[in-house]
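# A look at the structure
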Amino acid sequence: MKASVLQLKLMTSAIVLSSLFYSDPVRPDQCFTPSFASAVTFDAGTNPLSIAVADFDGDTKLDLAVANADSVSVLLGNGDGTFQTAVNYDAGSYPSSVVAGDLNSDKQPDLVVVNSGGISVLLGNGDGTFQSAVNFAAGSAPYSLAIGDFNVDGKADLAVACAFPGYVSVLLGNGDGTFQTAVNYDARSFPDSVAVGDFNGDGNPDMAVANFNSDNVSVLLGNGDGTFQGAVNYDAGTSPFSVAVGDFNGDNKPDLAVANAKSDNVSVLLGNGDGTFQTAVNYGAGAYPAFVVIDDFDGDARPDLAVSNFNSANVSVLFGRGDGTFKAAINYDAGSAPYSVGVGDFNGDGQPDLVVANKFSSTVSVILGTCIPAPAELAVVRSNSIVTISWPRPSTGFILESTTSLSPVNWVPAPEVPRTNNARLEVTAPLNQPERYFRLHKP
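Residues numbered from 1 in each chain as written. Predicted model: local features only at pLDDT ≥ 70, side-chain atom pairs only at ≥ 80, totals over all residues. Heavy atoms only, no water.

Right, let's talk about the overall build of the protein chain for a bit. The number of helices and strands found in the protein chain is zero helices and 39 strands. By residue count, 53% of the 443 residues in the protein chain fall in the buried class. Taking the contacts inside the protein chain whose residues are at least 6 apart along the sequence as the reference set, 48% of them involve residues at least 24 apart. A total of about 17800 Å² of accessible surface is found on the protein chain, and carbon and sulfur atoms cover 51% of it. (Helix = DSSP H or I, 4+ residues; strand = E, 2+ residues; numbered from the N terminus. Buried < 20%, exposed > 50% of the residue type's maximum accessible area, 1.4 Å probe, protein only. Contact = heavy atoms within 4.5 Å. Areas by Shrake-Rupley, 256 points an atom, 1.4 Å probe, with all protein chains shown as cover.)

Here it is in structure tokens:
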């Protein structure tokens, strides 16, 4: 419980006390106690491996696309954290990865799916349904993909991580949902994840590739014409399974986070802004971390990490300090064999939520984010006969309560009606009354 307590006595000064102290600077909309609710599961297809989050039917409520072993499932969101029954679409043999994006420039989200034979494109109709898959060849043993604009023509292009013999296939988009013939760029051994960012600040998209069998990350700088320079490799942990791009130390230079499956940790490689990266620093996660995503889960404007742990049936959340370092992982239960994790606000409360693909239970788990806002402190201005009590806006969920005895059960809502004064709420109370206490309380 967070409460700021004010004691009033006849002809005495008002005293402001605080029942809780917080060592870091906070924002009005920051979570004072960020957490996640218990997971709620929804059926998907068989052995789901990958999740994409987007609004497929244009109702401003986030929906899900799930790559299963035999199909792609689309679950339309109800806007309250629940989802409708999955509708399945064919997407080639053994889909392993799905990404949402506008591939034909109609402002409707489409799906692109990696399968054993290449990639399948399912154009969205804008009403939550999709057209039949159209297939394109990628490299050998394609596994996952990312969308970017590699030749800066305003049309979506694809980068596909191909496990054998170890390269990335780049397919330039025509802007109508079709793609040109793949061009391959060498990475290292068994690349299984690719992410896109501008690592050297030249305005051209670059690629970072996690190489499962060589324990490193390959960085391929883009030339801006759809081609890439040779890979430069940086050590990560053991068996990197997923890579994501964010700015972890607030220097406006992209950094990397890598989920290392066999060392049970996450590597953070801070970017130098010139396309090179510093030595990896590792942070513990759960057992066999398979996928990592980035968001601000506690509202402090510092990126945090969420990692799905395949062998420990949970998700690790690592809160960022804003200087490139992270706090110890906090684990939240998911389903059986959580393979990948996505993020979005599924119930419209402004807090990021998590969704996890559970391979062995053929379900997805939705884990809603919860939040107690940062403490709101009472301020006091005293005159001869009254005292003005004020607190900052916004103070969502806080109620001004009062009591004449500091028993935990005696607090009741104060009868005074708050009024707005600039960016604060305030009430006035007479000094000529018995001893009385005030507090701001979030029930």
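Taken in spatial order, the four strands of this open sheet run β5-β6-β7-β8, and their pairing is antiparallel. The open sheet is flanked by β5 (50-54) and β8 (87-89), the only strands paired with a single partner. Neighbour to neighbour, the strand axes of the sheet diverge by 25 degrees on average, direction disregarded. Where strand β7 (residues 72-75) meets β8, three bridges bridge the pair, whose relative direction is antiparallel. (Pairing = 2+ DSSP bridges. Axes fitted to C-alpha atoms, helices over the stretch in contact; angles between N-to-C directions.)

Next up on the list: the sheet that holds strand β25 (residues 289-295). Taken in spatial order, the four strands line up as β25-β26-β27-β28 in an open sheet, and their pairing is antiparallel. Strand pairing shows two members of the sheet lacking a second neighbour, β25 and β28 (330-333), which therefore form its edges. The sheet shows a mean angle of 25 degrees between the axes of neighbouring strands, taken without regard to direction. Note that β25 and strand β26 (residues 304-309) share six bridges and pair antiparallel. Bridged to Val293 within β26 is Ala306.

Another point: the environment of Val113. You can see Val113 is positioned in strand β10 (residues 110-115). The exposure class assigned to Val113 is buried, which follows from its relative accessible area of 0%. Separated by 32 residues in the primary sequence, Val113 and Leu145 have C-alpha atoms spaced 8.2 Å apart.

Before going further, it helps to spend a moment on the packing of aromatic side chains. A full pass over the atoms with the stated rule returns 22 aromatic pairs. Measuring from ring centre to ring centre gives 5.6 Å for Phe83 and Phe346, while their planes differ by 75 degrees; the resulting arrangement is edge-to-face. Of this pair, Phe83 sits in the loop between β7 and β8 while Phe346 sits in the loop between β29 (338-344) and β30 (353-358), and the two are 263 residues apart along the sequence. Phe346 carries the same exposure label as Phe83, and that label is buried. A ring pair is formed by Phe241 and Tyr288, whose centres lie 6.1 Å apart and whose planes are at 65 degrees; its orientation type is edge-to-face. Residue Phe241 is located in strand β21 (residues 240-246), and its partner Tyr288 is located in the loop between β24 (281-284) and β25; the two are separated by 47 residues in the primary sequence. A residue is classified by how much of its surface remains accessible, and Tyr288, at 21% relative accessible area, is partly exposed. (Phe/Tyr/Trp six-rings, centres within 6.5 Å; stacked < 30°, edge-to-face > 60°.)

Taken over all residues, the pLDDT of the protein chain has a mean of 90, while the share at 70 or more is 89%. Note that pLDDT drops below 50 for residues 1-29; the model gives that stretch 81 contacts with residues more than four away or on any other chain. (pLDDT = per-residue confidence, 0-100.)

Right, let's talk about the pattern of salt bridges for a bit. Two side chains with opposite charge may pair up if their charged atoms get near one another. In the structure shown here, the tally under the stated rule is three salt bridges. Among the ionic pairs, Glu401 bridges to Arg439, the shortest N-O distance being 2.9 Å. You can see Glu401 sitting in strand β35 (residues 399-403) and its partner Arg439 sitting in strand β39 (residues 436-441), a full 38 residues away along the chain. Residue Glu426 pairs with Arg419 through a salt bridge whose shortest N-O separation is 3.2 Å. For Glu426, a relative accessible area of 11% translates into the label buried. Judged by its relative accessible area of 40%, Arg419 falls in the partly exposed class. (Salt bridge = Lys/Arg side-chain N within 4 Å of Asp/Glu carboxyl O.)

With that settled, the discussion passes to the side chain of Ser308. Its location among the elements puts Ser308 in strand β26. At 3.3 Å, the side chain of Ser308 and the backbone oxygen of Tyr339 are in polar contact. Excluding residues within four positions of it along the chain, Ser308 makes contact with Tyr288, Pro289, Ala290, Phe291, Asn314, Val315, Pro338, Tyr339, Ser340 and Val341. (Polar contact = N/O pair within 3.5 Å; in protein donor to acceptor, adjacent residues only side chain to side chain.)

Cis geometry is adopted by the peptide bond preceding Pro165, which originates at Phe164 and carries an omega value of 0 degrees. Of note, Pro165 is situated in the loop between β14 (157-162) and β15 (167-171). Here Asp215, not a glycine, exhibits a phi torsion of approximately 55 degrees, which is positive. Even without a glycine there, the phi angle at Ala313 is positive, about 55 degrees.

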